Amino acid sequence: MSRTCVVTGAASGIGQATANLLRSRGETVIGVDMHDTDVIADLSTPDGLAEMVTSVEKASGGSIDAVYGIAGVAYDTSLAVKVNFFGMVGTLTGLRPILAKSSAPRAQAIASMASLTDHDEELVEAMLAFDREGAVARADAIAGQNLIYGSTKRAFARWIRRNAATPDWAGASIPLNAVAPGVIRTPMTADMIATQEAETELLKTVPMPLNGIAGPNVVAELLTWLGSPANTHLCGQVIFIDGGSDVVIRGDSTW
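These figures come from a predicted structure and were not determined experimentally. (Residues numbered from 1 in each chain as written. Predicted model: local features only at pLDDT ≥ 70, side-chain atom pairs only at ≥ 80, totals over all residues. Heavy atoms only, no water.)

**Student:** Just to check I follow, could you spell out helix α6 (residues 148-163) for this structure?
**Tutor:** An α-helical segment advances 3.6 residues per turn. Residues three or four places apart therefore align on the same side. With 16 residues, α6 ought to run about 22 Å at 1.5 Å a step, and its terminal C-alpha atoms sit 22 Å apart, in line with that. Listed as buried for α6 are Ile148, Gly150, Ser151, Thr152, Lys153, Ala155, Phe156, Ala157, Trp159 and Ile160. Packing partners of the buried residues in α6 comprise α3 (78-99), β5 (106-110), α4 (121-128), α5 (132-142), β6 (176-181) and β7 (238-241). (Helix = DSSP H or I, 4+ residues; strand = E, 2+ residues; numbered from the N terminus. Expected span 1.5 Å × (residues − 1). Buried < 20%, exposed > 50% of the residue type's maximum accessible area, 1.4 Å probe, protein only. Contact = heavy atoms within 4.5 Å.)

See the structure below:
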């Protein structure tokens, strides 16, 4: 059965790998990004999100089977708040009514093992309260302290946990889950791992004892299983695909 999927961030990195993998399996992909794909949209703004939803509805004929929320930025600025949290949640909630028309709807998105790193609780709570203005102001106030990216990912992971079992998602038979990659070889991380020395230093902070840094196809394989009809009961999970970072950092604390 051919499925129609929406992939944000489809022009590069994990998004591109996911879109390519889905197409190789015969699925129809509607790519969303700032350039070089089917729907050009700026997901950092409410207007951009609304235009994306309208464009996807038109391109799909009014029904989609899976949403892959992958678009994100790694900046230590308020842009990360706008894209990684408000853009991600806006994508999932905005497309949910179209997704709900599928006989086997699936929604999955990117969190990050960075959700385990240092964060700013005030910023996290502002995002979860959907105080966009307050969250942007708080991010602007702490810019440069390397707290914003991890905060956006922590807030998004919490949003997944809080919403997956609600009537809008589980109640509508839509599995809602996220994956949390470690360091992945993509344009987003290119500067951080440009040399062997830089890579070694980064892995001291983000330990990946199982096979080290991964390629984007590794994450794409997991995402596409989550988005397949085979995934009937995974609900509200944030799955760490990080070469062991979560295990090293948290140990037994998952219990």
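**Student:** Quick question: what am I supposed to make of the packing of aromatic side chains here?
**Tutor:** The geometry of two aromatic rings is summed up by the distance between their centres and the angle between their planes. Applying the stated criterion across every chain, the model contains five aromatic pairs. For the pair Phe85 and Phe86, a centre-to-centre distance of 5.1 Å together with 90° between the ring planes defines the contact as edge-to-face. For the pair Phe85 and Phe86, one class covers both residues: buried. Ring geometry for Phe156 versus Trp159: centroids 6.1 Å apart, planes at 15°, classification stacked. Linking Phe156 with Trp159, this pair stays in helix α6, spanning three residues, or about one helical turn. A relative accessible area of 0% means that Phe156 is categorised as buried. Among the residues examined, Trp159 registers a relative accessible area of 5% and is labelled buried. An aromatic cluster is built from Phe85, Phe86 and Phe130, whose rings are joined through pairwise contacts. (Phe/Tyr/Trp six-rings, centres within 6.5 Å; stacked < 30°, edge-to-face > 60°.)

**Student:** Mind showing me how you'd approach the nonpolar core here?
**Tutor:** Note that soluble globular proteins tend to have their nonpolar side chains buried in a common cluster. Met52, Val56, Phe85, Leu92, Leu95, Phe156 and Trp159 are the most contacted members of the largest nonpolar core, which has 67 residues in total. Examining the composition of this core, we find that 11 residues originate from one element, α3, more than from any other. Excluding its chain neighbours within four sequence positions, the residues that come into contact with Leu92 are Val67, Ala107, Ala109, Phe156, Trp159, Trp169 and Leu176. If you look at the next biggest cluster of nonpolar residues, it comprises seven residues, including Ile193, Leu202, Val206 and Met208. (Core = buried A, V, L, I, M, F, W, Y, C linked by side-chain atoms within 4.5 Å.)

**Student:** Which parts of the structure should I look at to understand the pattern of salt bridges?
**Tutor:** Summed over the entire model, instances satisfying the criterion amount to nine salt bridges. Here Arg23 makes a salt bridge to Asp38, at a shortest N to O gap of 3.6 Å. You can see Arg23 sitting in helix α1 (residues 13-24) and its partner Asp38 sitting in the loop between β2 (28-33) and β3 (39-40), a full 15 residues away along the chain. By relative accessible area, Asp38 is classed as partly exposed at 48%. Asp168 is paired through a salt bridge with Arg96; the nearest N and O atoms lie 4.0 Å apart. Linking Asp168 in the loop between α6 and β6 with Arg96 in helix α3, this pair joins segments that are 72 residues apart in sequence. For Asp168, a relative accessible area of 42% translates into the label partly exposed. Among the charged side chains, a network of salt bridges with common partners joins Asp120, Glu122 and Arg138. (Salt bridge = Lys/Arg side-chain N within 4 Å of Asp/Glu carboxyl O.)

**Student:** Help me understand the packing of α3 against α5, please; the structure alone is not making it clear to me.
**Tutor:** Geometry of a packed helix pair, given as the angle between the helix axes and the separation of the axes. It is at 8 Å that the axes of α3 and α5 come closest, and there the two elements cross at 140°. Comparing their axes, α5 and α3 come out oblique. Taken as a pair, α3 and α5 cross one another with a handedness that is right-handed. Residue-level contacts link Ser78, Val81, Lys82 and Phe86 of α3 to Arg132, Ala135, Val136, Ala139 and Asp140 of α5. Counted by class, the contact of α3 with α5 contains five nonpolar, one polar and three charged residues. (Axes fitted to C-alpha atoms, helices over the stretch in contact; angles between N-to-C directions. Parallel < 35°, antiparallel > 145°, perpendicular 65-115°, else oblique. Left-handed = near helix turned anticlockwise from the far one by under 90°. Nonpolar A, V, L, I, M, F, W, Y, C, P; charged D, E, K, R; others polar.)

**Student:** Mind showing me how you'd approach the sheet that holds β5 here?
**Tutor:** By definition, the strands of a sheet pair up through backbone hydrogen bonds, in either a parallel or an antiparallel sense. On the basis of which strands lie adjacent, the open sheet formed by seven strands has the order β3-β2-β1-β4-β5-β6-β7 and parallel pairing. Every other strand in the sheet has two partners, leaving β3 and β7 as the edge strands with one partner each. In the packing of α1 onto the sheet, contacts are made with β1 (4-8), β2, β4 (66-69), β5 and β6, and the angle to β1 comes to roughly 165°. (Pairing = 2+ DSSP bridges.)

**Student:** Whenever I open this one, unusual backbone geometry confuses me. Can you help?
**Tutor:** Most peptide bonds are trans, and most residues other than glycine sit at a negative phi. Of note in the backbone geometry, Ser173 takes a positive phi value of approximately 60° without being a glycine. Of note, Ser173 is situated in the loop between α6 and β6. Notably, Asn211 is not glycine yet its phi reads approximately 70°, a positive angle. Among the secondary structure elements, Asn211 is positioned in the loop between α7 (196-205) and α8 (216-226). With relative accessibility at 71%, the residue Asn211 sits in the exposed group.

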